[in-house]
Amino acid sequence: MPLSSRRRYALVGAGSRAGMFLRAITGDHADVAELVAMADTNQARPAAHNRRLAEPVPVYDAADFTEMLKRERVDVVLVATVDRYHDHYVAAALDAGCDAITEKPMTVDVAGCRRILDAQRRTGRDVRVTFNYRYNPLHEAVKRVISSGEIGEIGSVHFEWLLDVRHGADYFRRWHRDKANSGGLLVHKAGHHFDLVNWWLDDGPEQVFAAGRLFFYGEQGRRHGYARDYDRAHGAATADGDPFALRMADEPTMRELYLEAEGDDGYIRDRNVFAPGVTIEDDMAVLVRYTRGASMSYHLTAYAPWEGYRVMFNGSRGRLELEVVESDHVSPGAAAGVKGEPGAESAAEKGFKRLLVRPFWAPPREVVVDGLSRHGHGGADVRMLADLIRPGAPKDPLGRTAGAVDGARALLTGLAANESLAQGQAVRVQDLLDLEDNE
Ligand SMILES: NC(=O)c1ccc[n+]([C@@H]2O[C@H](COP(=O)([O-])OP(=O)(O)OC[C@H]3O[C@@H](n4cnc5c(N)ncnc54)[C@H](O)[C@@H]3O)[C@@H](O)[C@H]2O)c1
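Residues numbered from 1 in each chain as written. Predicted model: local features only at pLDDT ≥ 70, side-chain atom pairs only at ≥ 80, totals over all residues. Heavy atoms only, no water.

Asker: I would appreciate a short explanation of the layout of surface pockets in the present structure.
Answerer: Empty space left among the atoms is revealed by rolling a probe the size of a water molecule over them. Approximately 400 Å³ is the volume found for the second largest pocket. Arg128, Asp387, Leu388, Arg390 and Thr401 are the residues nearest the centre of the second largest pocket, which is lined by 23 residues in total. Those elements that place two or more of their residues in the lining of the second largest pocket are β1 (7-12), β5 (99-102) and α12 (380-389). It is α12 that contributes the most residues to the lining of the second largest pocket, 5 residues altogether. Of the residues belonging to the lining of the second largest pocket, the class tally is 10 nonpolar, 3 polar and 10 charged. (1 Å grid on protein atoms, 1.4 Å probe; cavity = no way out; pocket = protein on both sides within 12 Å on 5 of 7 lines; lining within 4 Å. Points joined across faces, edges and corners; volume = space filled by probe spheres on them. Helix = DSSP H or I, 4+ residues; strand = E, 2+ residues; numbered from the N terminus. Nonpolar A, V, L, I, M, F, W, Y, C, P; charged D, E, K, R; others polar.)

Asker: I'm lost on the UniProt feature "domain: Gfo/Idh/MocA-like oxidoreductase C-terminal" (unreviewed entry) in the protein in this one. Help?
Answerer: Here the UniProt feature "domain: Gfo/Idh/MocA-like oxidoreductase C-terminal" (unreviewed entry) sits at residues 143-330. Here residues 143-330 runs as 19% helix and 30% strand, with 31 Å between its end C-alpha atoms. (UniProt positions renumbered as here; feature names shortened; annotations may be inferred.)

Asker: I tried to follow the nonpolar core on my own but got confused; where do I start?
Answerer: Where a protein is soluble and globular, its nonpolar side chains tend to be buried together. Counting 104 residues, the largest nonpolar core has Phe159, Phe172, Trp200, Tyr217 and Phe313 as its most contacted members. If you tally residues by element for this core, the top one is helix α13 (residues 404-423), at 9 residues. Of the residues that make up this core, three or more belong to each of domain 1 (3-129) and domain 2 (133-217 + 278-374 + 402-438). Each residue touching Phe172, except ones within four places of it in the same chain, is listed here: Arg177, Leu185, Leu214, Tyr217, Asn272, Val273, Val278, Ile280, Glu281, Asp282 and Ala302. Within the second largest apolar cluster, 25 residues are counted, among which are Leu22, Val32, Ala380 and Leu385. (Core = buried A, V, L, I, M, F, W, Y, C linked by side-chain atoms within 4.5 Å. Buried < 20%, exposed > 50% of the residue type's maximum accessible area, 1.4 Å probe, protein only. Domains from an automatic or database assignment. Contact = heavy atoms within 4.5 Å.)

Asker: Before we go on, may I ask you to explain the site of the ligand in this structure?
Answerer: The immediate surroundings of the ligand are formed by 28 residues, with Asp40, Asp83, Tyr89, Tyr258 and Tyr267 found nearest. Interatomic distance of 3.4 Å between a backbone N/O atom of Gly15 and an oxygen atom of the ligand. Counting contributing residues, the shell around the ligand receives three or more from each of domain 1 (3-129) and domain 2 (133-217 + 278-374 + 402-438). (Near = heavy atom within 4 Å. Polar contact = N/O pair within 3.5 Å; in protein donor to acceptor, adjacent residues only side chain to side chain.)

Asker: Is there a simple way to explain the sheet that holds strand β8 (residues 205-213) in this structure?
Answerer: The strands making up a sheet are joined through hydrogen bonds of the backbone, oriented either antiparallel or parallel. Overall, mixed pairing links the 9 strands, which are arranged β14-β13-β12-β11-β7-β10-β9-β8-β15 in an open sheet. Lying at the two open borders of the sheet, with one neighbouring strand each, are β14 (365-366) and β15 (427-428). Across 2 bridges, the pairing between strand β13 (residues 352-359) and β14 is antiparallel. Its bridge partner lying in β14, Val357 is registered against Arg365. Helix α6 (residues 137-148) contacts β7 (154-164), β11 (307-315), β12 (318-327) and β13 of the sheet and is inclined by roughly 175° relative to β12. (Pairing = 2+ DSSP bridges. Axes fitted to C-alpha atoms, helices over the stretch in contact; angles between N-to-C directions.)

Asker: Would you take a moment to explain helix α1 (residues 18-26) for this structure?
Answerer: Since the α-helix advances by 3.6 residues per turn, residues separated by three or four positions end up pointing in the same direction. Buried residues dominate α1, accounting for 7 of its 9 residues. Among the residues making up α1, those that are buried are Ala18, Gly19, Met20, Phe21, Leu22, Ala24 and Ile25. Looking at the buried residues of α1, the elements they touch are β1, β2 (33-40), α2 (44-52), β4 (76-79) and α12.

Asker: For this particular structure, what's the right way to read the side chain of Asp396?
Answerer: Mapped onto the secondary structure, Asp396 falls in the loop between α12 and α13. Within the local environment of Asp396, its side chain forms a polar contact with the backbone nitrogen of Leu398, the two atoms lying 2.9 Å apart.

As structure tokens, then:
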């Protein structure tokens, strides 16, 4: 492709996740894509990213987003802001004639979801939601087994996801801890898992019931005896030796992206996980009934001693079981770090993965999966970026590319679960938003 015909990308929301997109566009995919601008409410963070780029790009204040799209002749907008603002930027990008690629969750409420679906219908532009977990080779193998019919029709799914006290704790230090920003973990985190099940079953949620609470973190968690007396870790002597304290000054990227950027907007990245103000849950049980009749029992725990998941499918011809241990324990030295960042590696992070097909009346068969990586969600991120950015790829037999309706289905499962938590009864997804018109 001649360099002049590369698609022109602008990024809004230049925090830590943004780095993945910036590296892909200016690195592996620079022959087909060009980064032309960044926007954020905070100017220090895009400036930090610019220092790492061989060719820095213009930085705009987020208030000038539409002006940026026009002036920089943007083709595609990458949305990686705090979740609650995704719908605003996706809709504005579509209305300006751009395509949009948004981080998950697509947005955090029904109004935002409707805004995106309406904007897409109105403009005919393309929306992609970055459900990277679909691209994990293990998850692709699950999709292949189920689609092959080897375990027959799926009757039910049992899915448990554990976030350890290092990674899970991180949602309680910053903006995610406020449900208005993130939709809570049922939207922000479980949305990945709900999307996987929708995709694996090729189905969508019909009715959702949830029970959950804030049990371990926040003020409620103080009774468990771990809480120290400080509001944020930086500069607090009482945070010394606290395995829940995030030490930003010790880690160059954290220091540059957050600590040194605080003057701009007062974004505090290292709050005490037991400090007041947490409005999200850390322990959630969800029952979902899907439109074609299957059910799922799901549990998300954000304070586990190890990190990983188990998902099982009960089928009319057998059972499929996936078990993944991403980290078998958190060592005290690594506890304060954030998953996947330098210094956070635990010696125990060796990983265990097993995918078993258990047919009726026959011994189990292990499905051997190649291509797994220890980085970027099992190698999923790199594969997803290639699918999103490189044009003309052959049609994907696994249908991994997620659009706005997929984003809505995953979101609505979480929103129905949140509604069920509030009401104490089962919620019909259709009562929140009817997706029929958007198929
Ligand atoms: N798929 C994944 O595995 C994965 C992993 C991490 C993060 N994410 C997603 O990426 C997004 C960003 O997460 P992060 O960890 O980088 O967060 P972050 O806090 O590091 O970055 C968010 C950025 O958005 C900016 N911002 C806040 N309000 C804004 C507004 N109104 N307009 C423009 N910019 C605004 C902030 O200043 C910040 O630079 C989230 O939606 C998150 O769910 C996805």
